[in-house]
Amino acid sequence: MDRYSEVTNKNQREIVLLKAFPCKWGKCSFCDYILDNSNDEEEINKLNFEVLENITGKYKVLEVINSGSCFEIPKATLLKIKEIVKEKKIERLFFESHWIYKKKIQQMRDFFDIPITFKIGVETFDYDFRNNFLNKNAKFETVEELKKYFDSPCIMVGIKGQTREMIDRDMDIVLNNFDHATINVFVNNSSQVERDEELVKWFEEKYKFLIDNPKIEVLFNNTDFGVGD
């Protein structure tokens, strides 16, 4: 499991994949990332402290991810991150959170007291597909409601049951409403959700221009940021 890397093509930054407590929601139909979680706080902090030792501050930007939300990272690890932010003169953080923590987003911004780009796994702006098929429990109705709390949506494409029209609408929303977004091309995992190869091929052809868009990061594999396995 690679837990430290550097993103060098767009939005250059260091990135760490940390362990955390179990995802509070943990019921998304497509997700098996939660297998990386633990209830052993001492074990979590020990591993995280080792991973965090890799940070140099060379880009002045750090992304911290875990298999869930940043609010499930133990307090001791968060304090260590804050210490490293100050020591390495980090100027911006990237964090990710589930919609259920929306009311705590400002607390995290206040805790670190530097700009934070908050990501959220939207997966799709199609309300029914997002909540009833993917079981995201992210029940916002409008883009404006989402932007009250979050800065950067993560969108998933290439799932059986998705349509080209859904993806076209998602890409239109992302391109016209956000300064940063991540597009994840779905890869089969241990869940029951399946990849639609024809849809992926169509997306890769129609939206290949996104590769050159500085605002959009496209992940064709889960490990394209250099962390995970």
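Quick caveat: nothing in here was measured; it's all calculated off a predicted structure.

Draft legend 1. Geometry of the overall build of the chain. The helix and strand inventory of the chain stands at 7 helices and 8 strands. Taking 17 Å as the expected radius of gyration for a compact globule of 229 residues, we find that the chain reaches 17 Å, a close match to that expectation. In terms of principal-axis extent, the alpha carbons of the chain reach across some 45 × 35 × 35 Å. Going through the 229 residues of the chain one by one, you find that 54% of them count as buried. Here the chain holds 34 positive side-chain charges and 41 negative ones, and the gap between their average locations is 4 Å.

Draft legend 2. Summary view of the pairing of strand β5 (residues 116-123). With 8 of its 8 residues buried, β5 lies for the most part within the structure. When strand β4 (residues 92-96) meets β5, the two strands line up parallel, connected through 4 bridges. If you follow F95 over to β5, its bridge partner there is F118. Once you follow β4 into helix α3 (residues 105-112) and on to β5, the crossover reads as right-handed. Bridge count between β5 and strand β6 (residues 152-157): 4 bridges; the pairing is parallel. Counted as the bridge partner of I120 is P153 from β6.

Draft legend 3. Summary view of the sheet that holds β5. Judged by pairing direction, the sheet is mixed, and its 8 strands sit side by side in the order β1-β2-β3-β4-β5-β6-β7-β8 without closing on themselves. At either margin of the open sheet sits one strand with a lone partner, and together these are β1 (4-7) and β8 (216-219). If you compare each strand with its neighbour and ignore which way they point, the axes differ by 20 degrees on average. Relative to strand β7 (residues 181-185), β6 is paired through 4 bridges, and the arrangement is parallel. Pairing of C154 across the sheet is with T182, part of β7. Contacting β5, β6, β7 and β8, helix α6 (residues 164-177) crosses the sheet at an angle of about 160 degrees to β6.

Draft legend 4. Region of the structure containing the side chain of T182. The residue T182 is located in strand β7 in this model. Setting aside its immediate chain neighbours within four residues, T182 contacts K119, P153, C154, I155, E217 and L219.

Draft legend 5. View of the pattern of salt bridges. One pass over the structure, following the stated rule, counts 15 salt bridges. Here R13 ties to E63 by a salt bridge, and the two come within 2.6 Å at their closest N and O atoms. A residue pair is termed long-range when its members are at least 10 positions apart, and R13 in strand β2 (residues 13-18) and E63 in strand β3 (residues 61-66) qualify at 50 residues. Both residues of the pair, R13 and E63, belong to the buried class. Taking the shortest distance from any N to any O, the salt bridge between D168 and K206 comes out at 3.0 Å.

Draft legend 6. Up close: unusual backbone geometry. At N135, a position not held by glycine, the phi torsion is positive, near 55 degrees. For N135, the location among the structural elements is in the loop between α4 (127-133) and α5 (143-147). Not every positive phi belongs to a glycine, and N137 is a case in point at roughly 55 degrees. Looking at where N137 falls in the secondary structure, it is placed in the loop between α4 and α5.

Draft legend 7. A look at the packing of aromatic side chains. Counted according to the given criterion, the structure contains 15 aromatic pairs. Residues F125 and F178 carry aromatic rings whose centres are separated by 6.3 Å and whose planes lie at 25 degrees to one another, so their mutual orientation is stacked. Of this pair, F125 sits in the loop between β5 and α4 while F178 is found in the loop between α6 and β7, placing the two residues 53 residues apart along the sequence. Using a relative accessible area of 8% as the deciding quantity, one classes F125 as buried. Looking at F178, the relative accessible area reads 4%, which means it is buried. One aromatic cluster is present, formed by F71, F95, W99, Y101, F111, F112, F118, F125, F140, Y149, F150 and F178 through successive ring pairs. The ring of F94 has R13 sitting right over it, with the charged end atom 4.8 Å from the ring centre. Its guanidinium or amino end placed over the ring of F140, R130 lies 3.9 Å from that ring's centre, counting from NZ or CZ.

Rules of the game
- Residues numbered from 1 in each chain as written.
- Predicted model: local features only at pLDDT ≥ 70, side-chain atom pairs only at ≥ 80, totals over all residues.
- Heavy atoms only, no water.
- Helix = DSSP H or I, 4+ residues; strand = E, 2+ residues; numbered from the N terminus.
- Rg over C-alpha atoms; globule rule 2.2 N^0.38 Å.
- Buried < 20%, exposed > 50% of the residue type's maximum accessible area, 1.4 Å probe, protein only.
- Lys, Arg positive; Asp, Glu negative; His and termini not counted.
- Charge placed at Lys NZ, Arg CZ, Asp CG, Glu CD.
- Pairing = 2+ DSSP bridges.
- Right-handed = clockwise from strand over helix to strand, strands pointing away.
- Axes fitted to C-alpha atoms, helices over the stretch in contact; angles between N-to-C directions.
- Contact = heavy atoms within 4.5 Å.
- Salt bridge = Lys/Arg side-chain N within 4 Å of Asp/Glu carboxyl O.
- Phe/Tyr/Trp six-rings, centres within 6.5 Å; stacked < 30°, edge-to-face > 60°.
- Lys NZ or Arg CZ within 6 Å of the ring centre and 35° of its normal.

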